[in-house]
Amino acid sequence: MKRFLSLILMFLIIAAQVPGISFADEPENGKDAIPLEEARDLKIPDPVYQVIDPDEFQALIDDFIKEYRIRPKEISIGFYYSGSGEFAYYNDNAWYYSASLFKVPMVMSLVDRIYEGEMSWDMPLGGLTFHERADKALIDSHNPSAYQILGKYWSTEVGARRDWTVLSDLDPESFSRNYYNCSWFHAPFITRTMVNLLNNRDYYSEIIEDLKLAQPGDYFRRGLEDTYEIAQKYGSWEEFKHTSGIVFTEHPIVITIMTRNTPNENYLAGQLAKLLVNYTEQQLDPTLQKLLSENKE
């Protein structure tokens, strides 16, 4: 018996020293691991130009809320225009249970680990690979896959959400306690997270491609009828209904709609996307083009 145990111990020592020998429960290095500082930058730049008129944006959203008889306290909207780097919000201090929106920062955070070489897309997870679980979580919003990922790679959900704050480039101290304890998001957090997804689109290409396949014909796609590429994620749980995503106009935009006790959110998300695309192309793009022309002269 002692001889047998000695042989096993010797094998383990040799295996640890020989390249290419690994064990199933050890993470495999990411195939494309590169230094993080060369891979992506999560610092969101300050606006380059001012083309969004705050009063005009407020009036636009007020009219939208009035037209669809939405209770103002039950909706938040986030908007980002990449042409100028500006944000605009409606009711930005309201917090809502995130529902499935959390799946986007969750997978983004793990892509960082892949580039760091701590894990790989091919690592096994519950009979599938991590890549397959991530696809199911993002494309199909498959809850079991999402919670398998969450439970595998973080010891606590609070710790996971602490990691995700960096993706929004917001001060972690500015977050509601409910964010950490109960997964409550507000429009600035998820909007800015989506902006970093857009700004680092090569780094997060796997996630963007998944979100381009999510919910065909629904939410933002419902209003735009396949006119643009859209990478979107919805969240739905009881009275909380949300959508956040990127619309790839000439100067891509990020839109977030978060609601509570508001019927027909799927339809409302589509109508809001249509409204803000029109606002972008009819108001913001021409204003930006005028500013660029003036600066050349």
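Only a predicted model underlies this, so the values are computations on that prediction, with no experimental measurement involved. (Residues numbered from 1 in each chain as written. Predicted model: local features only at pLDDT ≥ 70, side-chain atom pairs only at ≥ 80, totals over all residues. Heavy atoms only, no water.)

1. What about the overall build of the chain?
At step 1: Across its full length, the chain carries twelve helices and nine strands.
At step 2: Across the chain, every contact between residues at least 6 apart in sequence was considered, and the portion connecting residues at least 24 apart equals 64%. (Helix = DSSP H or I, 4+ residues; strand = E, 2+ residues; numbered from the N terminus. Contact = heavy atoms within 4.5 Å.)

2. Overview of the pattern of salt bridges
Any two side chains of opposite charge can pair if their charged atoms end up close together.
At step 1: All chains considered together, the criterion is met by seven salt bridges.
At step 2: Measuring nitrogen to oxygen at the nearest pair gives 3.9 Å for the salt bridge that ties Lys-43 to Asp-169. Of this pair, Lys-43 sits in the loop between helix 2 (36–39) and helix 3 (54–67) while Asp-169 sits in the loop between helix 7 (157–164) and helix 8 (177–182); the two residues are 126 residues apart in sequence, bridging distant segments of the chain.
At step 3: In this structure, Asp-169 and Arg-192 form a salt bridge, with 3.7 Å as the shortest nitrogen-oxygen distance. On the criterion of sequence distance, the pair formed by Asp-169 in the loop between helix 7 and helix 8 and Arg-192 in helix 9 (residues 187–199) is long-range, its members being 23 residues apart.
At step 4: Accessibility expressed as a relative area gives 24% for Asp-169, which makes it partly exposed.
At step 5: On the accessibility criterion, Arg-192 (14% relative accessible area) is buried.
At step 6: Shared partners join several salt bridges into a network, and the residues in it are Lys-43, Asp-169 and Arg-192. (Salt bridge = Lys/Arg side-chain N within 4 Å of Asp/Glu carboxyl O. Buried < 20%, exposed > 50% of the residue type's maximum accessible area, 1.4 Å probe, protein only.)

3. Considering the pairing of strand 9 (residues 253–260)
At step 1: Among the eight residues of strand 9, seven are classified as buried, and the element is accordingly described as predominantly covered.
At step 2: By the bridge criterion, seven bridges tie strand 1 (residues 75–81) to strand 9 in an arrangement that is antiparallel. Pairing of Tyr-81 across the sheet is with Ile-253, part of strand 9.
At step 3: Inspection of the sheet shows strand 8 (residues 240–247) paired to strand 9 by eight bridges, in the antiparallel sense. Bridging from a neighbouring strand, Val-247 pairs with Ile-253 of strand 9.
At step 4: Hairpin connection of strand 8 to strand 9: five residues between the antiparallel strands. (Pairing = 2+ DSSP bridges.)

4. Regarding the side chain of Thr-165
At step 1: With respect to the helices, strands and loops of the structure, Thr-165 is situated in the loop between helix 7 and helix 8.
At step 2: Of note is the side chain of Thr-165, whose polar atom sits 2.9 Å from the backbone oxygen of Arg-162.
At step 3: Setting aside chain neighbours within four positions, we find Thr-165 in contact with Leu-170, Pro-172, Phe-175, Tyr-179, Tyr-180 and Phe-189. (Polar contact = N/O pair within 3.5 Å; in protein donor to acceptor, adjacent residues only side chain to side chain.)

5. Topic: the side chain of Ser-183
At step 1: You can see Ser-183 is positioned in the loop between helix 8 and strand 6 (184–186).
At step 2: Residue Ser-183 is classed as buried on the basis of its relative accessible area of 6%.
At step 3: Sequence-distant contacts of Ser-183, defined by excluding residues within four places in its chain, comprise Tyr-96, Tyr-97, Ser-98, Phe-102, Arg-161 and Asn-178.

6. Things to note about the nonpolar core
Nonpolar side chains tend toward joint burial in soluble globular proteins.
At step 1: The biggest cluster of nonpolar side chains holds 57 residues, and the ones touching the most others in it are Met-106, Phe-130, Tyr-153, Trp-164, Leu-197, Tyr-204 and Ile-207.
At step 2: When residues in this core are grouped by element, the largest group, eight residues, is from helix 4 (residues 103–116).
At step 3: Dropping the residues within four chain positions of it, Leu-197 is found in contact with Val-104, Met-108, Tyr-204, Ile-207, Ile-208, Leu-211 and Ile-246.
At step 4: Ile-52, Phe-220, Val-247 and Ile-253 belong to the second-largest nonpolar core, a separate cluster that totals 31 residues. (Core = buried A, V, L, I, M, F, W, Y, C linked by side-chain atoms within 4.5 Å.)

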